[in-house]
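Listed here are the chains, written in short residue letters.
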Protein chains: 2
Amino acid sequence: MSPEEFRRVGKQVVDWIADYRAGIESFPVRSQVGPGEVRDALPAHPPERGEDFDQVLRDLDEILLPGVTHWQHPGFFAYFPANSSGPSILGDLLSSGLGVQGMVWATSPACTELETVVVDWLAELLGLPAHFRTDAAGGGVIQDSASSAVLVACLAALQRTGEDVARRGITRRHALYVSAHTHSSLERAARLAGIGADNVRVVDTDPETLGMDPRHLDELIAADVEAGAVPTMVCATIGTTSTTAIDPVREIGEVCRRRGVWLHVDAAYAGVAAVCPELRWINDGVAEFADSYCTNPHKWLLTNFDCSALWLADRAPMIEALSILPEYLRNEASESGEVIDYRDWQVPLGRRFRSLKLWSVLRWYGAEGLRAHIRDTVALAQEFAGWVRGDPDFELLEPHPFALVCFRPRYPDLPVDEANERTHRVMNALNDSGDLYLTHTKIGGRTLLRLAIGSPATERRHVQDAWERIRRAT
Amino acid sequence: MSPEEFRRVGKQVVDWIADYRAGIESFPVRSQVGPGEVRDALPAHPPERGEDFDQVLRDLDEILLPGVTHWQHPGFFAYFPANSSGPSILGDLLSSGLGVQGMVWATSPACTELETVVVDWLAELLGLPAHFRTDAAGGGVIQDSASSAVLVACLAALQRTGEDVARRGITRRHALYVSAHTHSSLERAARLAGIGADNVRVVDTDPETLGMDPRHLDELIAADVEAGAVPTMVCATIGTTSTTAIDPVREIGEVCRRRGVWLHVDAAYAGVAAVCPELRWINDGVAEFADSYCTNPHKWLLTNFDCSALWLADRAPMIEALSILPEYLRNEASESGEVIDYRDWQVPLGRRFRSLKLWSVLRWYGAEGLRAHIRDTVALAQEFAGWVRGDPDFELLEPHPFALVCFRPRYPDLPVDEANERTHRVMNALNDSGDLYLTHTKIGGRTLLRLAIGSPATERRHVQDAWERIRRAT
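Residues numbered from 1 in each chain as written. Chains lettered and ligands numbered in written order. Predicted model: local features only at pLDDT ≥ 70, side-chain atom pairs only at ≥ 80, totals over all residues. Heavy atoms only, no water.

Under an unreviewed UniProt entry, the name given to chain A is Aminotransferase class I/II-fold pyridoxal phosphate-dependent enzyme, and the organism recorded is Saccharopolyspora terrae. Comment text from UniProt for chain A, heading Cofactor (unreviewed entry), reads "pyridoxal 5'-phosphate". Its UniProt record gives chain A a comment under Sequence similarities (unreviewed entry), which states: "Belongs to the group II decarboxylase family." (UniProt positions renumbered as here; feature names shortened; annotations may be inferred.)

Novice: Help me get a handle on the packing of helix α1 (residues 3–22) of chain B against helix α3 (residues 53–64) of chain B, residues and values and all.
Specialist: Residue and element names in this part refer to chain B. Packing of α1 against α3 brings their axes to within 11 Å, and their N-to-C directions diverge by 15°. In terms of axis orientation, α1 runs roughly parallel to α3. Taken as a pair, α1 and α3 cross one another with a handedness that is right-handed. Contact residues: V9, Q12, V13 and W16 in α1; F53, D54, L57, L60 and D61 in α3. (Axes fitted to C-alpha atoms, helices over the stretch in contact; angles between N-to-C directions. Helix = DSSP H or I, 4+ residues; strand = E, 2+ residues; numbered from the N terminus. Parallel < 35°, antiparallel > 145°, perpendicular 65-115°, else oblique. Left-handed = near helix turned anticlockwise from the far one by under 90°. Contact = heavy atoms within 4.5 Å.)

Novice: Provide a residue-level description of the sheet that holds strand β3 (residues 200–203) of chain A, including the pertinent values.
Specialist: Residues and elements named next belong to chain A. Taken together, the seven strands give an open sheet; going across it, the order is β1-β7-β6-β5-β4-β2-β3, and neighbouring strands pair in mixed fashion. With partners counted over all chains shown, the strands left at the sheet margins are β1 (139–143) and β3, one partner each. Across the sheet, the axes of successive neighbouring strands diverge by a mean angle of 20°, strand direction being ignored. Where helix α5 (residues 109–125) meets the sheet, it contacts β1 and β7 (308–312), and its direction lies at approximately 105° from that of β1. (Pairing = 2+ DSSP bridges.)

Novice: Residues and numbers for the pattern of salt bridges, please.
Specialist: Taken as a whole and assessed by the stated rule, the structure comprises 81 salt bridges over all chains. Between A:K357 and A:D92 there is a salt bridge, and its shortest N-O distance comes to 3.4 Å. Within this pair, whereas A:K357 is found in helix α15 (residues 355–389), its partner A:D92 is found in helix α4 (residues 86–98), the two being separated by 265 residues in sequence. Judged by relative accessible area, which is 7%, A:D92 ranks as buried. For A:R371, the salt bridge identified is with B:E48, shortest N-O distance 2.3 Å. Highlighted residues: A:R371 in helix α15 and B:E48 in the loop between α2 (37–41) and α3, drawn from two different chains. A relative accessible area of 18% means that A:R371 is categorised as buried. We classify B:E48 as partly exposed; its relative accessible area is 39%. Connected through shared salt-bridge partners, A:D92, A:D306, A:R352, A:R354, A:K357, B:D92, B:D306, B:R352, B:R354 and B:K357 make up one network. (Salt bridge = Lys/Arg side-chain N within 4 Å of Asp/Glu carboxyl O. Buried < 20%, exposed > 50% of the residue type's maximum accessible area, 1.4 Å probe, protein only.)

Novice: Hey, could you go over the packing of aromatic side chains for me, with residue numbers and the actual values?
Specialist: All names here are of chain A. Scanning all chains against the criterion turns up 36 aromatic pairs over all chains. The interplanar angle of 50° and the centroid separation of 6.3 Å between the aromatic rings of Y293 and W311 together place this pair among those described as tilted. Within this pair, whereas Y293 is found in strand β6 (residues 292–295), its partner W311 is found in strand β7, the two being separated by 18 residues in sequence. W311 matches Y293 in its accessibility class, with the two residues each being buried. Taken together, the ring pairs connect F384, W387, F394, F407 and W467 into an aromatic cluster. Against the face of F80 rests R450, its NZ or CZ located 5.0 Å from the ring centre. (Phe/Tyr/Trp six-rings, centres within 6.5 Å; stacked < 30°, edge-to-face > 60°. Lys NZ or Arg CZ within 6 Å of the ring centre and 35° of its normal.)

Novice: Run through the UniProt feature "modified residue: N6-(pyridoxal phosphate)lysine" (unreviewed entry) in chain A, naming residues and quoting values.
Specialist: All names here are of chain A. Sequence positions flagged by UniProt for "modified residue: N6-(pyridoxal phosphate)lysine" (unreviewed entry) are, in local numbering, K299. Mapped onto the elements of the fold, K299 is located in helix α12 (residues 297–300). Setting aside residues no more than four positions away along its own chain, K299 makes contact with F80, P81, A82, N83, A268 and Y269.

Novice: Give me the lowdown on the sheet that holds strand β11 (residues 446–452) of chain A, citing residues and values where you can.
Specialist: Residue and element names in this part refer to chain A. Sheet architecture is open: four strands sit in the order β8-β9-β11-β10, paired in antiparallel fashion. The open sheet has two edge strands with one neighbour each: β8 (394–396) and β10 (439–443). Pairwise comparison of adjacent strand axes, ignoring direction, gives a mean angle of 40° for this sheet. Two elements, β10 and β11, share five bridges in a ladder whose sense is antiparallel. Across the sheet, T441 pairs through a bridge with L448, a residue of β11. With respect to the sheet, helix α16 (residues 416–433) is in contact with β9 (404–409), β10 and β11, its orientation differing from that of β11 by roughly 25°.

So this is what it looks like as structure tokens:
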């Protein structure tokens, strides 16, 4: 495809996206297809001859779109949002257009240096501590996801235990500490890093706040030490996936400090809320105690997936765990020690110019625009929570400081199991309608509906409509 | 940014990319900036107020471009190519525009099903065995990179040893087998998976072919078994990074079969060459013996980074190693067993709609166009190799079946170290010129220059110019 063909077809694709975004409400938010429908509609064999891009766009409309769940639909309240915005899409487009690979500084200095600048900017916007900056001992990096970020943190933590796991492998029992509400990526990291799911300890939580109990954490660590295991990493969560509960980072951090255990803070969803000074309280204890901290601009900060920011208080154990220098990657700049080679900060070797999208977002919206996005969506969620609280047919889970509201219809005459089943039925009926999309969680044996606001397309009227439909469905 | 603003600015960005591609030869291929130059030219703090996209594009031109090494420049002969093409860029743009997250089938069925279709198409195009298809016991998946792919393969291999590593962690010594020419991602996988770099055995290679010696492999495995270690995975490479050497997959596979060891085949660069029937010999033994196989369309098959295809002969141990099902991801489709949830096939949980770019490439070029791209670049490399072979001042490394040529200037009167240093100086001078970009490797103590052809922008005249410059520089 020549540059001139690209110019022509590229504008067609831009029009396609603009039209898609403008008309997104005409689609059912959750795809209505059954397993295999999309696959069966596609040819079984690849084309022998090249085709026009028109044909790609036609099949996109006719075959793929019915199979798409529209994450950018204003009625998408499922999971957490996966924010997308114009400047982010265009930042990613520039990255694809440049087609550079930034595995080491030398392979495209701007790819590395812009990343350092934007993660430093983001740390400043979130009020994160100065020692997370790359010009101190720490530093930030963009990962594809919080799962990969926590794996990197875990490998650094393993290395810091002094067992030289990178070289010798796992030779003792290492333990990780989570709560029942910690994201599954922690168990995943334990499986991946050779620690094993059986060595993930589940710390009790406070039945009210759902936050991790620091005293029980301390007991579990003591028991592991007693048993000869190596307490390696604790994960505290700011904004759990289930309900956006917040672990007491400061108290957990004090335990970690006393016990010499790495503290990872998973603020994947909620961390970006700290662009608003009135929400910075969520990070209490992070500056003093966090060895690593992760938040995802791709969830709630207007930046397309994938863009997860990871900061470390000290980058040395991570680099020790991950750095290998084969001959074909040797270069003067790396050997000078004056540059960052982000290949040593992540699982894969290669890397896209991902900072371009975050840079585009930070510049287009400015700090002011980002704060407005967080505040607007929090306000909508609080208004929704107020409606739920005011309705005797519903029960609201408190607190809900962000833009996720968990609630359930009350079925006072039904046993829990039947009430849960009815709640599921309500959710499925709503999701089948195509007008909105909710997911669920389970707390204390009870099924709760989760309504997560956060798409830039969601306005007050969409939340009102959702509430009307939920009420009618129950 | 409203859809209408996106339409306007998006077209500006498309024009920017078209102009960049059309004028790419006006840039020095390798960036000429020093450490910190780009960073120092960017503001130390993020903007408080939003800015126009024009300002982003202005800073891209003025501040970032001088720091970009132009991987799509026709004079880029370094590393391996990172192919990019119009349809691929636009496929990626559609993925960003849709902004869906395909972690499980239910979160966007089309995202999963198109991926299954295109990896099956690609397997067919490459003549890979039918049991690599998802409708058999195996299946293919798109990873970000061959590094992540080999980590996934390694986790599956660990699980298949019967030690239940996912649950219990690493409790015995596990060993991986590579050669000195295997990619560093294997040692990285050993570090990440808790096996440890010390448990990566380096099998001897044939001094002529640089291929792994199956007899020595067998001896090393026997020694490990004797010592109580668990031989876990062998990596055979088709097209090493240094020189595109090919390990004898069939003989290695026979050893693996007899010893019950997982065979991963890393064909990251060269595997895509099998779109041409006359190059399918490279995969001899894969159908019979490979447990996993990886090749990167993002290197040499016109698809933007990141797009690495991994196939497995049996997906069960991988899913056993990686699958966890928290409540908030439970859904009817997953529980029906009728769908694929690709989150169990990779390190991160979330995933982009990456198949759109590979689909766009396969449709725009067709099998015919892909074969032409491989044949044209191989032909250019063979012509270049002929010029080197015919020049008494140079020594050529044979064989060079793909589009990488390794060679060195002859300095008959100099000791090896000095000759190596002179070769490095020649390379640095060429790279400093901005007209071309080469990298190096070291074989048997001797530094060789690597000239990798593969960018769609590279024409015969660029290769001729490169040769002229190399001759003049030595």
